Amino acid sequence: MSWGTTRVLGNGDAARYLAAVLVSGFGTAAMLLVAGIWVKDLTGSSSLAGLVTLGTWGPTLVAPLIGVLADRFRRRPLLIWLHLAMAALLPVLLLVDTAARVWLIFAVMVAYGVSFVLIDSAEAALVPAVVPGELLGDFNGLRMTVNEGMKLVAPLAGAGLFAAYGGHPVVLLDAGTFALAALLLILIRVREAPPPPPEPWTRQLAEGLGHLRRHAPLRHLVACTGAAMLLIGINGALAYAVVDEGLHRPPEFNGVLGTAQGVGSLAGGLAAGALLRRLGDRRVTAVAAALLAGGLALRAAPGLAPVVAGTLAVGVGAPLVLITVWTAVQRETPNALVGRVSATVNTLTFGPGTLAVLAGAGLLELVDYRVIQLTGAAGAVLLAGWALRGGPRAAWEGLRPAAPQDAPAAGPEETAPPPATPQTAASGAGTAERG
């Protein structure tokens, strides 16, 4: 266990925060899988079952509009009420017993998607007040690891409950985990300064977008992440072709590869904090892109061993690039803007991946999947070089506070992320104090 991971877990508030992520993530992962199975079971339609995911992720496309709310309220109370609201809303699904009431599942999944955007935005703004600045990367890595870990075990539990008892027990499980997460958030000792008086919605939205326009290095990092997620989205669209045409195995074998990718994500999440301190943002993004390049190329090979190795590499690279951009947003954005900037960044990074899934599926009708994989690998190599070029070094350093004397040693070409206190992270919105 790394120094940063130990420090985060030794911080009582951070540990309670991660426990809240763990319990709510377990219920969420189970419910999201079961929702699609439930729709398929009641309607017999694979298309309708697939649309459940669209309902969940659709709000991400308008995340900048939703994220403004996260900057209009104190973040911890907002998170508590969001979790309690989902705990109260989910039991509505207990009314679903026939195909005629399937619309309730879609309605709740859309509410789920909106809550995801708000929770992510509020968390991004609150975390710098809970975790010291030099540990942000470690915390974000642990958060990613917890989420990925739940994706490995919770869907199996949800599917087992559904097979034995139907959807209602899974609904109650998910509602209970939201309520327990709210309790853990209540126990976090953070006092937040009141938010500034609300301004017109359009002005607040423009301020969030303006921060990215003015901050060239951060904008460059977001662009690199969006490009990486585009490549990951195309890789996801080719998953069944890799198993069928490449490995000549049944579709269910994607579950094995999914587990391999999840293991890689656990490793990437745990390593992220130490890598960010040692290498800095640009180099970590370049390393992630290089891993994606190798992984995509290996998944074009016909053998089981290279495909599994490539899947592991993609699993490691994906969280590295995401954790890097999340940490940079938290470190480089005034606290008053973090909610809306984080939501905008989520749209700019996950949006390309969503579109890439559709593009990849269309390309498969015209081009052999190996050609697409190798083209994606070449694109990832170019992305690694682009990430290393970065924004102007002077602009990047000018927007960061000076590193203290005992900061970790930086590489020869880039300054490693400096420690920051919750107070400096909250500039522009007042001071968030630990209780």
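Quantities reported herein were computed from a predicted structural model and do not represent experimental measurements. (Residues numbered from 1 in each chain as written. Predicted model: local features only at pLDDT ≥ 70, side-chain atom pairs only at ≥ 80, totals over all residues. Heavy atoms only, no water.)

### Looking at the overall build of the chain
At step 1: The number of helices and strands found in the chain is 18 helices and 2 strands.
At step 2: Across the 435 residues that make up the chain, the buried fraction comes to 52%.
At step 3: Partitioning the contacts of the chain with sequence separation of at least 6, the portion at a separation of at least 24 is 84%.
At step 4: For the chain, the accessible area works out to roughly 17,900 Å², and carbon and sulfur atoms hold 69% of it. (Helix = DSSP H or I, 4+ residues; strand = E, 2+ residues; numbered from the N terminus. Buried < 20%, exposed > 50% of the residue type's maximum accessible area, 1.4 Å probe, protein only. Contact = heavy atoms within 4.5 Å. Areas by Shrake-Rupley, 256 points an atom, 1.4 Å probe, with all protein chains shown as cover.)

### Here's the deal with the packing of aromatic side chains
At step 1: Counted according to the given criterion, the structure contains 3 aromatic pairs.
At step 2: Between Y17 and F139, the aromatic rings sit 5.7 Å apart at their centres with planes inclined by 85°, giving edge-to-face as the arrangement. Of this pair, Y17 sits in helix α2 (residues 12–43) while F139 sits in helix α7 (residues 136–165); the two residues are 122 residues apart in sequence, bridging distant segments of the chain.
At step 3: Residue Y17 is classed as buried on the basis of its relative accessible area of 0%.
At step 4: Here the aromatic rings of Y112 and F178 are separated by 5.8 Å at their centres, their planes lie at 55°, and the arrangement is tilted. (Phe/Tyr/Trp six-rings, centres within 6.5 Å; stacked < 30°, edge-to-face > 60°.)

### Observations regarding the side chain of T347
At step 1: Residue position: T347 is located in helix α15 (residues 338–363).
At step 2: Overall, T347 belongs to the buried group, its relative accessible area being 16%.
At step 3: Dropping the residues within four chain positions of it, T347 is found in contact with T60, L61, A63, P64 and P352.

### With respect to the nonpolar core
At step 1: With 35 residues, the main nonpolar core has V8, Y17, L79, V130, V131, F139 and L185 as its most contacted residues.
At step 2: Here the element with the most residues in this core is helix α6 (residues 103–130); it accounts for 8 residues. (Core = buried A, V, L, I, M, F, W, Y, C linked by side-chain atoms within 4.5 Å.)

### Here we look at the packing of α2 against α7
At step 1: Interhelical geometry of α2 versus α7 gives an angle of 40° and a closest axis separation of 7 Å. When the axes of α2 and α7 are compared, the crossing they make is right-handed.
At step 2: Partitioning the contact of α2 with α7 into residue classes produces 22 nonpolar, 3 polar and 3 charged. (Axes fitted to C-alpha atoms, helices over the stretch in contact; angles between N-to-C directions. Left-handed = near helix turned anticlockwise from the far one by under 90°. Nonpolar A, V, L, I, M, F, W, Y, C, P; charged D, E, K, R; others polar.)

### Some words on helix α16 (residues 369–389)
At step 1: Taking 1.5 Å per residue as the helical rise, α16 with its 21 residues ought to reach 30 Å, and the 31 Å between its terminal C-alpha atoms agrees with that figure.
At step 2: Along α16, the residues that are buried comprise Y369, I372, Q373, G376, A377, A380, L383, A384 and A387. Buried residues in α16, looked at end-on, bunch into an arc of 140°, giving them a common side. The exposed residues of α16 that point more than 90 degrees off its buried face are T375, V381, L382 and R389.
At step 3: One side-chain oxygen of the residue at the start of α16 lies 2.8 Å from the amide nitrogen of R370, identifying that residue as D368. (Expected span 1.5 Å × (residues − 1). Arc of directions from axis to C-beta. Polar contact = N/O pair within 3.5 Å; in protein donor to acceptor, adjacent residues only side chain to side chain.)

### Topic: helix α8 (residues 168–186)
At step 1: With 19 residues, α8 extends 28 Å between its outermost C-alpha atoms, agreeing within 8% with the 27 Å of an ideal straight helix rising 1.5 Å per residue.
At step 2: Within α8, the full set of buried residues consists of V170, V171, D174, A175, T177, F178, A181, A182, L184 and L185.
At step 3: Buried residues in α8 make contact with α2, α5 (75–89), α6 and α7.

### Observations concerning a nonpolar patch on the surface
At step 1: Side chains of L180, L183, I186 and L187 sit close together on the surface and give an oily, nonpolar patch of about 350 Å² of accessible area.
At step 2: For L183, the position within the fold is in helix α8.
At step 3: When its relative accessible area of 45% is taken as the criterion, L183 is described as partly exposed. (Patch = residues over 30% accessible without salt bridge, like charges linked within 9 Å, V, L, I, M, F, W, Y side chains within 5 Å. Salt bridge = Lys/Arg side-chain N within 4 Å of Asp/Glu carboxyl O.)

### Structural notes on the pattern of salt bridges
At step 1: Taken as a whole and judged by the stated rule, the model has 9 salt bridges.
At step 2: Ionic pairing is found between R16 and D13, a salt bridge with its closest N-O pair at 2.9 Å. Of this pair, R16 and D13 are both found in helix α2, 3 residues apart, which corresponds to roughly one turn of the helix.
At step 3: In this structure, the salt-bridge partner of E123 is R143, at a minimum N-O distance of 2.4 Å. With E123 in helix α6 and R143 in helix α7, this residue pair connects regions lying 20 residues apart in the sequence.
At step 4: A relative accessible area of 9% places E123 in the buried class.

### A short note on the environment of G362
At step 1: For G362, the location among the structural elements is in helix α15.
At step 2: Residue classification places G362 among the partly exposed positions, given a relative accessible area of 37%.

### What about the environment of D281?
At step 1: Within the secondary structure, D281 sits in helix α13 (residues 281–298).
At step 2: Residue D281 is classed as buried on the basis of its relative accessible area of 2%.
At step 3: Each C-alpha atom of the pair D281 and L320 lies 9.9 Å from the other, and the pair is 39 residues apart in sequence.
At step 4: Polar side-chain contacts of D281 include one of 2.6 Å to the side chain of R331.

### Some thoughts on the side chain of N346
At step 1: For N346, the location among the structural elements is in helix α15.
At step 2: N346 has contacts with T60, D120, W326 and G351, leaving out every residue within four places of it along the chain.

### A few points about the packing of α2 against α6
At step 1: Viewed as axis vectors pointing N to C, α2 and α6 meet at an angle of 165°, and their least axial separation amounts to 12 Å. Taken together, the axes of α2 and α6 are roughly antiparallel relative to one another. Judged by the twist between their axes, the crossing of α2 over α6 is left-handed. Here α2 contributes D13, A14, Y17, V21, G27, T28, M31, L32, A35, W38 and V39 to the contact with α6, which in turn contributes I105, F106, M109, Y112, F116, E123, L126, V127 and V130.
At step 2: Of the residues in the contact of α2 with α6, the class split is 16 nonpolar, 2 polar and 2 charged. (Parallel < 35°, antiparallel > 145°, perpendicular 65-115°, else oblique.)

### Overview of unusual backbone geometry
At step 1: The backbone phi angle of H248 is positive, close to 55°, even though this residue is not glycine.
At step 2: Position of H248 among the secondary structure elements: in the loop between α11 (239–246) and α12 (254–279).
At step 3: We classify H248 as exposed; its relative accessible area is 66%.

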